[in-house]
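Remarks on the overall topology
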Amino acid sequence: MKSIFHDRPGAVVNHAGWSMRMASLIAGIALLLMTVLAVFANFAAFEALITPGDAARTARDITGSETLFRWGVAAFVLVAVLDIIVAGALLTLFEPVHRSLAAMSAWFRIAYAAVLLVAAAQLVTGLDRLDDPVQVLRAAGAFTTIWHVGLVFFSVHLLLIGHLAYRSGFMPRVIGILLVIAGLGYLADGLGLMLIPGYALDIALFTFAGEVVLICWLLISGRRLATRPEAATRTEPDRERTAPS
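Below you will find a few notes about this structure. Throughout, a residue's number is its position along its own chain's written sequence, starting from 1. This being a predicted model, a pLDDT of at least 70 is required before a residue's local features are given, and a value of 80 or more before pairs of side-chain atoms are given or counted; all residues contribute to the totals for chains, interfaces and linings. Here the side-chain values reflect all heavy atoms present in the structure, with hydrogen atoms and water set aside.

The subject of this paragraph is the overall build of the chain. Helix and strand assignments come from DSSP, with helices taken as H or I runs of at least 4 residues and strands as E runs of at least 2, each series counted from the N terminus. Per the secondary structure count, the chain includes ten helices and two strands. Mapped in sequence order, the helices and strands of the chain form the string β-β-α-α-α-α-α-α-α-α-α-α. Taken over 245 residues, the chain has a buried fraction of 43%. Nonlocal contacts in the chain, meaning residues at least 24 apart in sequence, comprise 73% of its contacts between residues at least 6 apart. Element-wise, carbon and sulfur atoms account for 67% of the exposed surface of the chain, whose accessible area totals about 12,000 Å². The buried label goes to any residue with under 20% of its type's maximum accessible area, the exposed label to any with over 50%, and the partly exposed label to all in between, with areas taken from a 1.4 Å probe on protein chains only. Contacts: residue pairs with any heavy atoms within 4.5 Å of one another. Accessible surface is estimated by sampling points in the Shrake-Rupley manner with a 1.4 Å probe; for residues, cover comes only from the protein chains shown.

Set out below in structure tokens:
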């Protein structure tokens, strides 16, 4: 993770050459692609073919739509790769606000991506055992369990990004608040699934609005960051020190 520096007047870039405007666009586009891929993978390829408690039907449905299921697994892998790209882009965007917290948020998102890859590997194992329905259903269950553990890492990432957005000065504070709410939703679901037997709530389904608003801001308003980089990198304490008395 490279730090940001002023490469030339009027442009804030990191060592990879990403301006804040470019980082915003990259993050927004990647998040939008991730949304489409995740919806396809989770709802069209996974939940549509997995029947909890019915190993025989699950194996039969996957066998009958094996190509769809394989594309779903590939989509999960692509989501994990895009998560890493988003982590780097958001680091570039928020590092001027607070370098340590921005780096920490990036690493938590990368950790989530790693967990998602491990979860997807369970589905690959299930594809190799289609002749054993019990193992197929077990692999699907392992995927769900591992993914839910990963949600804890993702929730911490959102909590940190929400805090950084709130402090940034270039992003509306309401986005930071909504991201914190989204993070708390994922955290509650992740911990609930691990700690409470039979946990069936889906709080994140009602708290994810901040993620949608963030994507819209990155794609629409983020493009204006390059025209006022100095203002974009000034944190709240900076503005307080320079405010007229």
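The term salt bridge refers to a side-chain nitrogen of Lys or Arg lying within 4 Å of a carboxyl oxygen of Asp or Glu. Inspection of the entire model under this criterion finds five salt bridges. Close ionic contact of Asp83 with Arg109 constitutes a salt bridge, the shortest N to O distance being 2.7 Å. On the criterion of sequence distance, the pair formed by Asp83 in helix H3 (residues 66-94) and Arg109 in helix H4 (residues 99-127) is long-range, its members being 26 residues apart. For the pair Asp83 and Arg109, one class covers both residues: buried. Where Arg129 meets Asp132, a salt bridge forms, and the shortest distance between an N and an O atom there is 3.5 Å. Classification of Arg129 as partly exposed rests on a relative accessible area of 35%.

Contact geometry of helix H5 (residues 133-168) with helix H6 (residues 173-195) gives a least axis separation of 7 Å together with a crossing angle of 160 degrees. Considering the angle they form, H5 stands roughly antiparallel to H6. In this structure, H5 meets H6 at a crossing whose hand is left-handed. Any residue outside Ala, Val, Leu, Ile, Met, Phe, Trp, Tyr, Cys, Pro, Asp, Glu, Lys and Arg is labelled polar, Gly included; the first ten of those are nonpolar and the last four are charged. Class assignment of the residues belonging to the contact of H5 with H6 gives a composition of 19 nonpolar, seven polar and one charged. Lines are fitted to the C-alpha atoms to define the axes, a helix being fitted only along its stretch in contact, and any angle between axes, read from their N-to-C directions, falls within 0 to 180 degrees. Angular relationships are summarised with four words: roughly parallel below 35 degrees, roughly antiparallel beyond 145, roughly perpendicular across 65 to 115, and oblique for the angles in between. Take the far helix as the reference: if the near one is turned anticlockwise from it by less than a right angle, the crossing is left-handed, and if turned clockwise, right-handed.

The term nonpolar core refers to a set of buried residues drawn from Ala, Val, Leu, Ile, Met, Phe, Trp, Tyr and Cys, joined through side-chain atoms within 4.5 Å. In terms of nonpolar packing, the biggest core is built from 61 residues, with Phe69, Phe76, Leu93, Phe94, Phe170 and Met171 touching the most fellow members. Where this core is concerned, the elements lending two or more residues are helix H1 (20-47), H3, H4, H5, H6 and helix H8 (209-220). Looking at which element gives the most residues to this core, the answer is H3, with 14 residues. Contact partners of Phe94, with chain neighbours within four places excluded, come to Ala102, Ile161, Leu164, Ala165, Ser168, Phe170 and Met171.

Residues are called lining when one of their atoms sits within 4 Å of a cavity or pocket point, these points coming from a 1 Å grid over the protein atoms alone, where a cavity is a set in which a 1.4 Å probe fits but cannot get out and a pocket is an open set with protein on both sides within 12 Å along at least five of seven lines. Grid points are joined across faces, edges and corners, and a volume is the space filled by probe spheres set on the points. Approximately 1,400 Å³ is the volume found for the largest pocket. Contributing to the lining of the largest pocket are 44 residues, with Asn42, Phe43, Trp147, Leu151 and Tyr186 lying nearest its centre.

Before going further, it helps to spend a moment on the packing of aromatic side chains. In this scheme Phe, Tyr and Trp rings, the latter by its six-membered ring, pair at centre separations within 6.5 Å, and the angle between planes marks the pair as stacked below 30 degrees, edge-to-face above 60, and tilted otherwise. By the definition in use, this model includes nine aromatic pairs. Between Phe46 and Phe143, the ring centres sit 4.8 Å apart and the planes meet at 50 degrees, which makes this aromatic pair tilted. A residue pair is termed long-range when its members are at least 10 positions apart, and Phe46 in helix H1 and Phe143 in helix H5 qualify at 97 residues. In this structure Phe46 comes out as buried when scored by relative accessible area, which is 8%.

Now for the environment of Leu68. Mapping Leu68 onto the fold places it in helix H3. Filtering out sequence-adjacent residues up to four positions away, Leu68 remains in contact with Phe40, Ala44, Ala45 and Leu49.

Let's shift gears to the packing of H4 against H5. At their nearest, the axes of H4 and H5 sit 8 Å apart, and the two run at 170 degrees to each other. As judged from the angle between their axes, H4 and H5 are roughly antiparallel. Counted by class, the contact of H4 with H5 contains 26 nonpolar, six polar and one charged residues.

Multiplying 1.5 Å by the residue count of a helix minus one yields the expected span of that helix. Compared with an ideal rise of 1.5 Å per residue, which puts twelve residues at 16 Å, H8 spans 17 Å between its outermost C-alpha atoms and is within 8% of the ideal. Listing the buried residues of H8 in full gives Gly210, Leu214, Ile215, Trp217 and Leu218. The buried side chains of H8 occupy one side of the element, clustering within an arc of 165 degrees when seen end-on. On its buried face, H8 is in contact with H1, H3, H6 and helix H7 (204-207). The directions considered for the arc are those from the helix axis to the C-beta atoms.

With that settled, consider empty space enclosed by the protein. Where empty space is left becomes clear once a probe the size of a water molecule has been rolled over the atoms. Per the stated rule, a full pass over the model turns up one cavity of 30 Å³ or more. Taken together, Ile62, Phe69, Gln122, Leu123, Gly126, Leu127, Val136, Ala139 and Ala140 make up the lining of the largest cavity. Where the lining of the largest cavity is concerned, the elements lending two or more residues are H4 and H5. The element contributing the most residues to the lining of the largest cavity is H4, with four residues. For the lining of the largest cavity, the residue count by class is seven nonpolar, two polar and no charged.

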